[in-house]
Every structure is written in C-alpha cells, then in structure tokens.
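Here is what each chain is made of, one letter per residue.
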Amino acid sequence: MTKAADGAKTTAPASQSAGFKNTALGSFISRYAETLALIGALLVLVLIFSNLNPRFATLENLQNLLNQAGLPLIIAVGATLVILIGSIDLSVEGVMSASGMAFVLMSANTRGGTDFGIWAFVVAITIGAALGFANGFIFTKVKVPSFIVTLGMWYVGLGIATIMYGTETMPFLVDDNLSTWASQINFGLPNNFLLAVVVAILGALVLRFTSFGRATLAVGNNEEIARGNGLKVTRTKIVVFLLAGAISGVAGIVATIQLGAANPTVAAGNLFITIPAVVIGGTSLAGGKGGMLGTVLGVVLLTTLNNGLILSGVSPNFQTAVSGGILVIAIIATAWSQRGRLRISK
Amino acid sequence: MTDKKVAKTPVLVLDHIEKSFGSNKALKSISFSINPNEVIGLIGENGAGKSTLLKILTGIYQTDAGTIEVNGKKVKFRNPRESVASGIGVVHQEQSLFTNLTVAENIAMNSGSGSSASSKFGFYSWGSIFKTASKTLSTIGSKLDPRAIVGDLPFVDRQMVEIARAISVNAGSGGCPLVILDEPTSVLERHETEVLEREIRKIKEFGSVIFVSHRLDEIMRNCDRIIVMRDGELVADRLVTDVTEAQLFKLMVGHEARAVSHVRKGLDNSEVPAIEVRDLNRSSKFSGVSFSVRAGRLTAIVGATGSGREDLVRAIFGAEKIDSGTLLVGGKPVKNWRIPKAVKAGIGYVPSERKVEGMIGGLTAAENVTFTHPGKAAVGPFLIPKARKKIAQGWFDTLDVRPNDISQELGRFSGGNQQKVVMAKWLNSPDLRVLILDHPLRGLDPGAAQTVNEQIKLACEKGAAIILLADTLEEALEMGDEVLVMRDGEVTSAFDLAKDNPSTLDLLERMV
C-alpha cells in the first residue's frame, strides 16, 4: 500500500508540469501572462491610434503623454499599497488639495507671505501623511470600513484646503523654475514622469525587500492567518495608509506645480483614473495580489487611451462617457480569467 | 500519569488548567505532561474542549487558572508570537498559509523573520531566507522548491510547508520543539495520509507531537500515548498499548458504538433510476462518465485527488458546467442544468467546503434549516417564524445538535453540529430525490459521524438515491450499495457490493 501511495505522489506533479509549461519560455509566459497581456494591449492601442492620427506617434506626443501619466502614476503607487491590503483610499483628491494648498502658501507666491523654502515640501508631505495616518487609525482602531473613512477624509482634506484658501485671490507660484519644473524634459522624459518612476521603483523595492512590504502582501492575502503568525496587522495597515497619504501629499505638490497655482479643486478627476489603472494592472481588489510593475503599465495604458481618443477626434462631448465605458470594458477584460459560476463579487 | 521517563525534562507540563467562557466551563482542571520524542494523541468529541486547549497552547486564549511549563520553564502566552518563540508550532486543521507568498517566506514566518538573520532593519535577505527554508525542508525529507509560490502547489505539498513551518519554531534555541497537528488528516485522501504519517515519525526523532484526529485507527497507529477529553475534562491518559479502539470510543462518547446495520439489496434493473448520467464530459475534469443510482440506494465514488469525482458530483448538482452528455433526473433528460433547477427537482448537495458553500454562518441555525426547503415555514414570500422554530427544533432533537439552541447563529456552532444542520436543510425537503454528499464526515468526531451516517441510511430507506464521496475507502465499502472508482476523470471500475467484495487494496489499485 505504501508503495502504491508513493507512486501516486510522484506521478501527479510530474504529469501536471509536463509539456509546454515545463520549457523555460513556457514557464516565463505562464508566470508573466498578465504583464505580457498588458504590454500586448498597449501595443495594440499604439498601433490603432498611430493609424488614426499620424500626430500620435511623435516624440512630442509621447512626452506629452508621459507628462499626463506622471501625476496618476504617483497616486497609483499609494493606491496599490492600499488595495494590496484589500482596502481602498478614496481620500486622495482631498489630501492632494490640502497638501498642495499648504505647499503654495508656504512658497513664494503672488499673495506674498513668507517663503519657507524646503519646509514647504516637508509640511505639505507631513499633512498628507497625517491625513493618511488618520485614515488608517480610524479604519483599524474604530473598525470602520476604509471606504467610508476615506470618503469622509476626502472632504475633510477639501475643507482644509478651502479654509487655507480663504477669500483672497488665487495664489500663483512666483518662482518660474518651480512652476515649469514638472514638464521640463530630462533624459528625454518629463520631470514629473521621472519622479513618478522613482516613486514606483521605491514602492516596488519596499514590497519586495522589506518585512513591511511582505507583511502588506501577507495581510492582504489573509488577515487572520497573518495575526495567527504574530504579524503586527494593525500597525502594517496604519503604515500603509500613512504612506499612501504621504504619497498623495507629493502628488498634491506636483499637481500645484503643474497648475502653477493652488486651488482646492486642483486634484479633481485624479481618483477616477488611478483606481481603475491599479486594478487593470492586475492588483486584486480583494488584496494580496499585484504589484508596481502592473500599476505602471495600467496607468500608461489608460493615459494612452485618453490621449489617443482626443487625438482621434472623439468629440469632447462624448469623451467622458467614452472613457467611462472603456474603463468598464477594460476591467471586465482584466477580471475575465477569474470569473466563475460560483465566484462571489460584492 | 506515566512516570517511566523521569530523567528527561518534559517538553510540556500542564498543571490544573482552567478556562471558562461566561458560565460555560470549557476546560476543567486539565493536567498532563509530554516527554521529549513522544507522540501524544489528543481525542474527544467536538465541543469536548480540545480546540480551547490548543488555543491556549498557541497563545490565542489565556488560561483562567493553572500553570504551563515548556522545556522546564514556566510560561504564560499572551499572544501567538510568544507561543511560537517558546518552541510550539502548529499545523492547522484548515491550512493557514499565505498563498501569494513563496514557500520559504511561509516557513520563515515562524522563525521570527522580524528579528532573525533573514532580515536586517526590516530589509529582507532573500538568500538567507531561501537557504534556511531548504534546510528546514530537507530535515523533513521534502524536495520542494523554496522559491515556489504556495498557491501553485497541490494540497499535500502545502501540508509539507505547514509542517516545515511548524518545526522551524525554535530553529535557533535548540530545545525540543513541540508540533501540534490539529486534525491534519481530515482533509487528506488516504494515500496522502500515509505521507503525513511518515512525517510524524520523522518529527519524533527530534521533537514531540500532539496529534489531534477523529480517526481512531490513525491515533492507534501513530501515537505512543493517548489523552481523551470529554466535556472539558481529561477522562483518560493511557499508553497506546493499554487501550483498544472500542474502549477509546466509549471513553470519548460515553456510550458504546452502535452497530450500523446495513442490508444490501441486489440491483433491480426494472426501476427507473432516480439519477442517471450518460457519457458526461467536462473538459479537463471528467470524460465519458456513465452511471445511475436508483431510489433507496447508495453509490460511493472513490478516487484520488484529481480524479474528477468532486467536479462530477458538482456538475450533477448544477454547480459546474457540463460540456456534453446527458443527465437524466427521474428518467427525463434535463437541459441548461443550474442549481435552482436541481434543487427544484429534489437534489440536495452537502459540500465539502461546509463553511464556504454549505451554510450561512451569520443567520440562525433555524433559518439555515428552513432556508432552501421552508415547508410550512413560508407562505409565498412571507416567512412564518413560529413554524420555522417548530421545524428546526424537531431536527435539533432528532440530530442531537449541541448546544440545543436553534436561535444561535450557525457560525458559532462547532463543525460537527454545523454539518448536522446542513444535513437537516436537505432532509427537510418532503421529496428529496437525490442527496449528494461530498465528504460528509470531514472533521466530524465519531459521535457526530454516527448521527450523520444514521441520517444518510434513513434518507436512503425513505427513498432517496445517495451519491457519496467518502473520506476513506473503508467508509465507501461500509456504506455503499455500489462503489465506482474514478481515475483521471474516468470511471475505471464499478463494484456491486451485493455480489462483489473488493478489498481496499483492489480499489486503491484502480485509483492510481
């Protein structure tokens, strides 16, 4: 009997891994199937749009496109961390407004006041981190769903920005070097995209090479097991939200620099593109699965889509509806492989 | 208590451990000790206090009174981390691995990756994590790749990872580790169990084991000493050589095993089968499957993991797609088969994943009983709570569900009692035509298992056709009128037990 059992054990895995999957190329493809699919989709879009409008495939438009992708990508790095633990952060736009407003008011601006120099950056990012910490603290300690906490924090952030804004005229950045920084080209790429890539690489390194990063994946996979293994679940979650808030703070600074001025609505519309981009990039809303490479591809894919639609002459009146529809279709395509008759989605 | 190895420091000494939940005394003055290199069998019915005791040993619960000593040192665990640090590792009943992480990381979780050499200032050293994991895996004789993602591994391999993690508890300290195996075999097929039993013998060479199982034969085979619990008390602590299986059953349950009489009827081909499949196919799951079950009969299907028998019965219930072939219910072919149609046609399905698919844990037990076939408990869209209570109470009394409280949320009952309620949900149908049972005894103690088996027989006698995927081959041979053997999605043999008398070895040969 033992002999028969041995036979069963050794033959089963062998037959599973036999064939194509066993080759180096096969295992590479099956391991990176989702990433390759995203790159394929991106290539298809590029082909279509270059045929529709020759202006699409120019260096100028590529730089323009990546300039558009910079801000959403920064935000998406924070969103990826939050979604990896199975939560959601809707407060992004509010946090960006508050941080951006603080940044401009503390820098040299048309309203006068003191120029705090580097401290403007520090304070803006700290405001983001503080709001993020508040999200995480309320979420974990009061046990309110992150969806609701961050929805509220969105408006808290907007409110803080509005109060700081007051009733005076819009504060413009005075320093021209600063207000044109985001779109300046270095190494052939716009600065804000380079910054976004640096943030994404840092995010990827944290996920791969730190205990905190691995704990994030573990908590997202199964919180109860994580707790049973002695991981500090609550602390991990709070740090995730704190980091996401700090990243939103950075995004708020970049957004005001791009505008050259501060305005409570400076961040409007950013949430709409980032969360779908993260999901299309393969990060599961259920948590535990995904990463930064997919997020970068997801953001570039959606930005390409928006950019291409404009260049293809889709009427601006239809633009919003078309973007929304295409988003839904893209999400369906992403989730297609996971559908099942008994799969429950809430 | 045995006092034969006084010279060695015991790995674990429990002295008058007490634990209460409200007025319910879950543990009443439990005392025993475990010696180095000893395998202890811990048995008892669901609700006897085993789980509570294990949760105390693993730092999830804290004791009300009494002391715990590990390797001669007095300890008090405030959380799982402290239990792990003292050298106690657990292989959980339901696998508790991170499916999205590598084998090595899962193993490292228990050796305290936060502080050991594998990570410095919170930064991972993948090289040292992989190296430590290969070393741990080789001590249990496993050749798994530490870089593999756990979610990609088959079930047996995952259990190896669990064991490796459990024994890595005190890789540094050098003391004798204590590995708790909490019903690890309840979800394993027979031949997989043998792999596990080999591992137990390996662990015994360098550590001690607490082995929790409901299968008394396994306990007798693998343990040196057996501890029996009943109603929160330790009722026996015996060397395995001093006790028989029948005595253990009596100690656990409090009464002797009732013989389940089973008279087999020969096949009568004139009857229309209650359920019949002809040349049923589902790509990469099963192919060319044909069989039928008549009213009042039980067909057991046996097969190893990957035999396709689970997919087959789920397809018959409409829970999975059928690619081609015919399914006949009561002699009539059906089309576009879906669960609601199956339920309406009188088919019931007790799934193996009870908590996920079989019950709604947040609703009361009474609501669960009357959820699918409400009977008098509903008139049109309106529910009748009074009738519901009456029906549920009837089933609670018949099935001896404990605690006997129909208004408690089902999720708060123990596994065996949940299973009784899941059974009642289908048995409550006035015209149950086919009952599909996927591992109905999984994780059940012998007492609960007996109740469930009696109900299966009763349903059979009342005229239901039963399809049973049994936990063991013995169970299949004992319960079945007919046994089908499946391998790689095909039926390889069929035995009519009224005429044939196959041995478990005969079945096993056709399975692998």
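Cut-off values and rules
- Residues numbered from 1 in each chain as written.
- Chains lettered and ligands numbered in written order.
- Predicted model: local features only at pLDDT ≥ 70, side-chain atom pairs only at ≥ 80, totals over all residues.
- Helix = DSSP H or I, 4+ residues; strand = E, 2+ residues; numbered from the N terminus.
- Rg over C-alpha atoms; globule rule 2.2 N^0.38 Å.
- Buried ≥ 20, exposed ≤ 12 C-beta atoms within 10 Å, placed from the backbone.
- Contact = placed C-beta atoms within 7 Å.
- Pairing = 2+ DSSP bridges.
- Axes fitted to C-alpha atoms, helices over the stretch in contact; angles between N-to-C directions.
- Core = buried A, V, L, I, M, F, W, Y, C linked by C-beta atoms within 7 Å.
- Domains from an automatic or database assignment.
- Nonpolar A, V, L, I, M, F, W, Y, C, P; charged D, E, K, R; others polar.
- Parallel < 35°, antiparallel > 145°, perpendicular 65-115°, else oblique.
- Left-handed = near helix turned anticlockwise from the far one by under 90°.
- pLDDT = per-residue confidence, 0-100.

For chain A, the helix and strand inventory stands at 15 helices and two strands. A globule of 346 residues ought to have a C-alpha radius of gyration of about 20 Å, and chain A, at 22 Å, matches this closely. For the C-alpha atoms alone, the extent of chain A along its principal axes is close to 85 × 55 × 35 Å. For chain A, with 346 residues in total, the buried portion stands at 44%. For chain A, the proportion of contacts with a sequence separation of at least 24, taken over those separated by at least 6, is 78%.

Attention shifts here to the sheet that holds strand β13 (residues 275–282) of chain B. All names here are of chain B. Taken together, the four strands give an open sheet; going across it, the order is β14-β13-β16-β17, and neighbouring strands pair in antiparallel fashion. Two strands lie at the open edges of the sheet, namely β14 (286–293) and β17 (332–333), each paired on one side alone. Pairing between β13 and β14: five bridges, direction antiparallel. Across the sheet, Leu280 pairs through a bridge with Val289, a residue of β14. Lying on the sheet, helix α9 (residues 309–316) is in contact with β13, β14 and β16 (324–329); it crosses β13 at an angle near 120°.

Turning our attention to the nonpolar core. Membership of the largest hydrophobic core comes to 150 residues, with the highest contact counts inside it found for Ile74, Ile247 and Val254 of chain A. Per-element tally for this core: the top contributor is helix α12 (residues 233–259) of chain A, with 14 residues. Taken domain by domain, the makeup of this core includes at least three residues from each of domain 1 (1–87 + 175–257) and domain 2 (96–172) of chain B. Beyond its immediate sequence surroundings of up to four residues, Ile247 of chain A is in contact with Ile74, Ile75, Val77, Gly78 and Val199 of chain A. Judged by nonpolar contacts, the second largest core, of 77 residues, contains Val277, Val302, Ala392 and Leu444 of chain B.

Here we take up the domain arrangement of chain B. Residues and elements named next belong to chain B. Here chain B is described as being made up of domain 1 (1–87 + 175–257), domain 2 (96–172), domain 3 (260–346 + 431–512) and domain 4 (357–429). Contacts between domain 1 and domain 2 engage 14 residues on the former and eleven residues on the latter. Elements supplying a minimum of two residues to the side of domain 1 that touches domain 2: α2 (80–85) and α6 (190–206). Broken down by element, the side of domain 1 that touches domain 2 gets its largest block of residues, six residues, from α6. The residue inventory of the side of domain 1 that touches domain 2, partitioned by class, reads eight nonpolar, three polar and three charged.

Residues and elements named next belong to chain A. Packing of helix α13 (residues 270–280) against helix α15 (residues 316–335) leaves a shortest axis separation of 9 Å and a crossing angle of 25°. Overall, the two elements α13 and α15 adopt an arrangement that is roughly parallel. Like other packed secondary-structure pairs, α13 and α15 cross with a definite hand, here left-handed. Between α13, through Pro276, Val279 and Ile280, and α15, the contact on the second element is made entirely by Leu327, Ala330, Ile331 and Thr334. Partitioned by chemical class, the residues of the contact of α13 with α15 number six nonpolar, one polar and no charged.

Moving on: the sheet that holds strand β18 (residues 347–350) of chain B. Residue and element names in this part refer to chain B. Strand order in the open sheet formed by six strands is β18-β21-β22-β15-β23-β24, with mixed pairing between adjacent strands. Across the chains shown, the open sheet's two edge strands, defined by having one partner strand only, are β18 and β24 (490–496). Pairwise comparison of adjacent strand axes, ignoring direction, gives a mean angle of 15° for this sheet. Inspection of the sheet shows strand β15 (residues 298–303) paired to strand β22 (residues 465–469) by three bridges, in the parallel sense. Across the sheet, the residue bridging to Thr299 is Ile467, located in β22.

Now for the environment of Glu82 of chain B. Residue and element names in this part refer to chain B. Within the fold, Glu82 resides in helix α2. What makes Glu82 partly exposed here is the crowd of 15 C-beta atoms within 10 Å. Remark: the alpha-carbon pair of Glu82 and Thr58, spanning 24 residues in sequence, is separated by 8.3 Å. In this view, Glu82 contacts Gly59 and Phe77; residues no more than four positions away in its chain are not counted.

Residue and element names in this part refer to chain A. Their axes nearest at 10 Å, the elements helix α10 (residues 211–221) and α12 cross at an angle of 105°. With respect to α12, the axis of α10 lies roughly perpendicular. Residues Phe212, Ala215, Thr216 and Val219 of α10 lie in contact with α12, whose contacting residues are Val233, Thr236, Lys237, Val239 and Val240. For the contact of α10 with α12, the per-class residue count stands at six nonpolar, two polar and one charged.

Our next topic: the pairing of β15 of chain B. Residues and elements named next belong to chain B. For β15, the tally of buried residues reaches six of six residues, placing the bulk of the element in the interior. Because side chains alternate across β15, one face comprises the buried residues Leu298, Ala300 and Val302, and the other comprises Thr299, Ile301 and Gly303, equally buried. Sheet analysis places β15 next to strand β23 (residues 482–487), joined by five bridges and oriented parallel. Bridging across to β23, Ala300 finds its partner in Val483.

That bond from Arg402 of chain B to Pro403 of chain B is cis: its omega, -5°, falls within 30 degrees of zero. Note that Pro403 of chain B resides in the loop between α13 (385–399) and α14 (415–427). Look at Phe187 of chain A: it is not a glycine, yet its phi comes out positive at around 50°. Within the secondary structure, Phe187 of chain A sits in the loop between β1 (185–186) and β2 (189–190). For Phe187 of chain A, a count of 7 C-beta atoms within 10 Å translates into the label exposed.

The next point concerns the confidence of the model for chain B. Residues and elements named next belong to chain B. In this model, chain B carries a mean pLDDT of 84, and residues with pLDDT of at least 70 account for 91%. No element of chain B has a lower mean pLDDT than strand β7 (residues 119–120), which averages 64, and none a higher one than strand β21 (residues 434–438), which averages 94. Taken as a whole, residues 113–117 scores under 50 in pLDDT and shows eight contacts with residues more than four places along the chain or in a different chain. On the interface metric, ipTM, the complex scores 0.76, and its pTM is 0.75.

To continue, consider the environment of Asn186 of chain A. All names here are of chain A. Checked against the element boundaries, Asn186 lands in strand β1. Given 9 C-beta atoms within 10 Å, Asn186 falls into the exposed group. In this structure the C-alpha to C-alpha distance between Asn186 and Arg214, which are 28 residues apart in sequence, comes to 34 Å. The residues touching Asn186, leaving out its near neighbours within four places in the chain, are Asn191 and Leu194.

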